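Architecture and fold: a report
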Amino acid sequence: MSKPISRRKWLASVPALGGVLLTGCTRERFVPPRVRGGLIGAADVLTMSTNRLLLSGQQLAREFPRSEIADPFPTWNQTNPRNEEYQRHASEEFRNYRLPITGLVQRPRELSLDEIKSLPARTQITAHVCEQGWSAIGEWTGAPLHSVLEAAGGVTPAARYVVIDTFDRWYEGYDLFEVAHPQTILAYGLNGGDLPRGNGAPLRLRVERQCGYKNLKFLRSIQVVDSMAGFGKGTGGTNSDFGFHWYAGV
Amino acid sequence: MDSAAISELPPPAATTKSTAHPYSVRICHWINVVACAYLLVSGVHILLDFPELYWGNTGYRGYPAVFRLADWGLSWDAAGALGDRRWGRNYHFTFAWVFLINGLVYVGWNLYSRHFRDQMLPARNELTVARIGTELRDHFRWAARKHSSSGSYGTLQKTSYLILIFVFVPLMTLTGIAQSPGFTAAMPWLLDLFGGRQSARTLHTIGTVLLVLFVIVHVLEVVAAGFLIKVRSMITGK
């Protein structure tokens, strides 16, 4: 006969159960790092949490047939950072380029372009959706961001955001739900060739469920953090420091 | 000639009567006015910052466009200087939520209070060709007050409100979110429904023009029926 579970024992299991239910249901998944004031902030939270509830199955963004690819893919905004370090890497065809992965990972390290290319690759034909209104379809090839983080031993339990910064002096934070998505990749290929400089060589981020401005080009480093407070104005990214939405699913 | 048809209608009011609008209509109406004003102005700002429209999934500067503001005398740079899309996007998405929540409250409240059934669903005898023909003719003669000044809605008025609320507004909402990479990842059928993200953007813009025309006609009708009395009744309910 099994012993009846004592009340104390049963109560002790509640936090554990709560922990299981709340896994992946963190505040960061539904609310921007810093909520703006007033109605605009309320709308930001509504938009992000509605999106994240609808996307709780981590559905893939639409992938299109080859016939819809834009080739050459349009270039927009920065196409060649003046940064001295960038120009040196570009002149060496990025042979000496290293992507540092630091912060809240088990084994901080640097990855060369070849090492990133040796990770399991993913190719996806998806639409780049610019917040300005234009959209174009490209075939992106790259390493999933979560595989890149796993190459550094994976994130520690305290990790909340992945911060990416670029040679043209942009930074953006991404919550772990976005990072875990299979289509979130560091792309080194476009339309079957190497990623052209005008589209962000050597690496550009693809976050297919958010607008173009979250798809950073010319990646310089990856840092895993527990808070966005120490970066820029603390809103979570360059675009939101300028007053755009941090969560760019619309 | 068809005096028989006219005699079926209530006699023309000598003076316009006010309409006893319930709270559910008055509160939602004025919230809606504010939300739509913000949506329109912010939407124009967003469009001015990329003043071309396309069809399908693809559209960028240099790609064949179905509409270019430059063809109508406003160059890309001049349009961009007029539009502020950061302001536009912040307020467009904020008031889209105000509009949507207000609309859901309005529909829920008026289904519950039976306002739709009692006041807005045209009765069978209102849906005859003769009746609608007479109303149409009177509208073009600037005599609509025969039909709507009596305190209840005319048939054309009821029909156009119902189409607006249950067909047009849902289509505007869906063409709006069909442009969003987040919502379309969750609901990719939106892209198929409208023929692509750029098609949705084009349809959303055409819908805006139609909505502005609706508001112009709506306000003209209010003027024709007696502006001050009608506006007062939409505020006080008396």
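The rules behind the values
Residues numbered from 1 in each chain as written. Chains lettered and ligands numbered in written order. Predicted model: local features only at pLDDT ≥ 70, side-chain atom pairs only at ≥ 80, totals over all residues. Helix = DSSP H or I, 4+ residues; strand = E, 2+ residues; numbered from the N terminus. Rg over C-alpha atoms; globule rule 2.2 N^0.38 Å. Buried ≥ 20, exposed ≤ 12 C-beta atoms within 10 Å, placed from the backbone. Contact = placed C-beta atoms within 7 Å. Nonpolar A, V, L, I, M, F, W, Y, C, P; charged D, E, K, R; others polar. Core = buried A, V, L, I, M, F, W, Y, C linked by C-beta atoms within 7 Å. Pairing = 2+ DSSP bridges. Axes fitted to C-alpha atoms, helices over the stretch in contact; angles between N-to-C directions. pLDDT = per-residue confidence, 0-100.

In this section: the overall build of chain A. The helix and strand inventory of chain A stands at 8 helices and 10 strands. Its C-alpha radius of gyration of 20 Å places chain A within 12% of the 18 Å reference for a compact globule of 250 residues. Each principal axis of the C-alpha distribution contributes one length, and for chain A these read about 75 × 40 × 40 Å. Counting every position in chain A, which comprises 250 residues, the buried fraction comes to 43%.

For the rest of this paragraph, the subject is the interface of chain B and chain A. If you look at the interface, chain B gives 26 residues, while chain A gives 34 residues. Ranked by the residues each element gives to the side of chain B that touches chain A, the list is headed by helix H4 (residues 85-112) of chain B, at 7 residues. Partitioning the side of chain B that touches chain A into residue classes produces 10 nonpolar, 9 polar and 7 charged.

As a further point, take the environment of Gly207(B). Residue and element names in this part refer to chain B. Mapped onto the fold, Gly207 is located in helix H11 (residues 197-236). Separated by 153 residues in the primary sequence, Gly207 and Tyr54 place their C-alpha atoms 15 Å from one another. If near-sequence neighbours (up to four positions away) are discounted, Gly207 is found in contact with Leu171, Met172 and Thr175.

Now for the nonpolar core. In this structure, Ile101(A), Ile116(A), Val148(A), Ile164(A), Leu186(A), Ala187(A) and Leu219(A) are the most contacted members of the largest nonpolar core, which totals 56 residues. Sort the elements by how many residues they give to this core and strand S7 (residues 185-190) of chain A lands first, with 5 residues. Sequence-distant contacts of Ala187(A), that is, excluding residues within four places in its chain, are made with Trp140(A), Thr141(A), Gly142(A), Leu195(A), Leu203(A), Arg204(A) and Arg206(A). One finds Ile177(B), Phe183(B), Ala185(B) and Ala186(B) within the second-largest nonpolar core, a separate group that totals 11 residues.

Residues and elements named next belong to chain A. Strands sit in the order S2-S1-S10-S5-S6 across an open sheet of 5 strands; the sheet is mixed. This sheet does not close on itself; its edge strands, each paired only once, are strand S2 (109-112) and strand S6 (171-175). Recorded for the sheet is a direction-independent mean angle of 20° between the axes of neighbouring strands. Two elements, strand S5 (residues 161-166) and S6, share 5 bridges in a ladder whose sense is antiparallel. Looking at S6, one finds that Tyr161 is bridged to Asp175.

Below, the discussion takes up the confidence of the model for chain A. With 90% of its residues at a pLDDT of 70 or more, chain A shows a mean pLDDT of 92. This model gives residues 15-23 of chain A a pLDDT under 50, and the stretch forms 0 contacts once residues within four places in sequence are excluded.

Another aspect to go through is the pairing of strand S4 (residues 135-144) of chain A. All names here are of chain A. For S4, the tally of buried residues reaches 10 of 10 residues, placing the bulk of the element in the interior. For strand S3 (residues 122-129) and S4, the ladder comprises 8 bridges, and the chain directions are antiparallel. In the sheet register, Val129 faces S4, and the bridge partner there is Ser135. Counted along the chain from S3 to the antiparallel partner S4, the turn is 5 residues long, and its residue Gly133 has a positive phi close to 130°. In this structure, S4 lies alongside S7, joined through 5 bridges in antiparallel fashion. Paired with Ala143 across the strands is Leu186, a residue of S7.

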